[in-house]
Amino acid sequence: GLERDGSAARLLLPGIEAEDSVVHLAGGHVHSVALSAKGRVWTWGSNSHGQLGWAPVPPPSEAAVRLFPPGAVRLPPRHRPESAPAATAAPPRVVAVAAGGYHTLALTEEGDVYSWGANHHGQLLRASPSPVDPMPRWAAVPGMTPAPSPVERRGAAGGGGGG
């Protein structure tokens, strides 16, 4: 965005360190997601379907009008047999993000995919009794095996429309 004087507006993210910077932005239907150079993720906007991954899902009567400011998304560590137990493992470092209409995806340097938000059409890549899952969780991608070495940042794209 632009300031009134025409200069570029600075995106202020809570908890971002001075030596960190935003390297990628993505937008869903009514939410946005930012990725920093250090692999941290922030989301903001509507959380009508849990697409922010950190804020409470408002009741349907408030969902269309309640907007949340930027907040940090905390991905849970994925326990691997060869790594430290999940309770002591560091949070995964994200290298790419994408925003669908009402869901969000994150790719880690280990090649794992995390997803949260609307799951009406299976877009979170997991069976869920609910069409909405606001908690970031590891998603089992059929036919995908973990990367043997860290994944490089290449960019990401998001879906649109109703999901």
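Everything below is about the structure printed above this text.
This next bit is on the environment of Trp-116. Considering the arrangement of structural elements, one finds Trp-116 in strand E7 (residues 113-118). Trp-116 sits in the buried class, given a relative accessible area of 0%. At 3.0 Å, the side chain of Trp-116 forms a polar contact with the backbone oxygen of Gln-51.

This paragraph deals with a nonpolar patch on the surface. Together, Leu-11, Val-22 and Leu-25 make up an exposed nonpolar region whose accessible area comes to about 230 Å². Tracing the sequence through the fold places Val-22 in strand E1 (residues 22-27). In this structure Val-22 comes out as partly exposed when scored by relative accessible area, which is 32%.

With that settled, the discussion passes to the pairing of E7. Buried residues dominate E7, accounting for six of its six residues. Here strand E6 (residues 103-108) pairs with E7 via five bridges, running antiparallel. Following the sheet pairing, Thr-104 is matched in E7 by Trp-116. Relative to strand E8 (residues 132-139), E7 runs antiparallel, the two sharing five bridges. Its bridge partner being in E8, Ala-118 is matched across the sheet by Val-132.

Attention now moves to the environment of Trp-138. On the secondary structure map, Trp-138 appears in strand E8. Residue Trp-138 is classed as partly exposed on the basis of its relative accessible area of 35%. Ignoring anything within four residues of it in the chain, the contact list for Trp-138 reads Arg-78, Asp-112, Val-113, Tyr-114 and Arg-126. At 3.4 Å, the side chain of Trp-138 forms a polar contact with the side chain of Asp-112.

Turning our eyes to something else, we now look at the sheet that holds E6. Here four strands make up an open sheet; going across it, the order is E5-E6-E7-E8 and the pairing antiparallel. Only two strands of the sheet have a single partner each, and these edge strands are strand E5 (94-99) and E8. Neighbouring strand axes in the sheet, compared pairwise and without regard to direction, differ in orientation by 10 degrees on average.

Calculation notes
Residues numbered from 1 in each chain as written. Predicted model: local features only at pLDDT ≥ 70, side-chain atom pairs only at ≥ 80, totals over all residues. Heavy atoms only, no water. Helix = DSSP H or I, 4+ residues; strand = E, 2+ residues; numbered from the N terminus. Buried < 20%, exposed > 50% of the residue type's maximum accessible area, 1.4 Å probe, protein only. Polar contact = N/O pair within 3.5 Å; in protein donor to acceptor, adjacent residues only side chain to side chain. Patch = residues over 30% accessible without salt bridge, like charges linked within 9 Å, V, L, I, M, F, W, Y side chains within 5 Å. Areas by Shrake-Rupley, 256 points an atom, 1.4 Å probe, with all protein chains shown as cover. Salt bridge = Lys/Arg side-chain N within 4 Å of Asp/Glu carboxyl O. Pairing = 2+ DSSP bridges. Contact = heavy atoms within 4.5 Å. Axes fitted to C-alpha atoms, helices over the stretch in contact; angles between N-to-C directions.

Geometry only, nothing functional implied.
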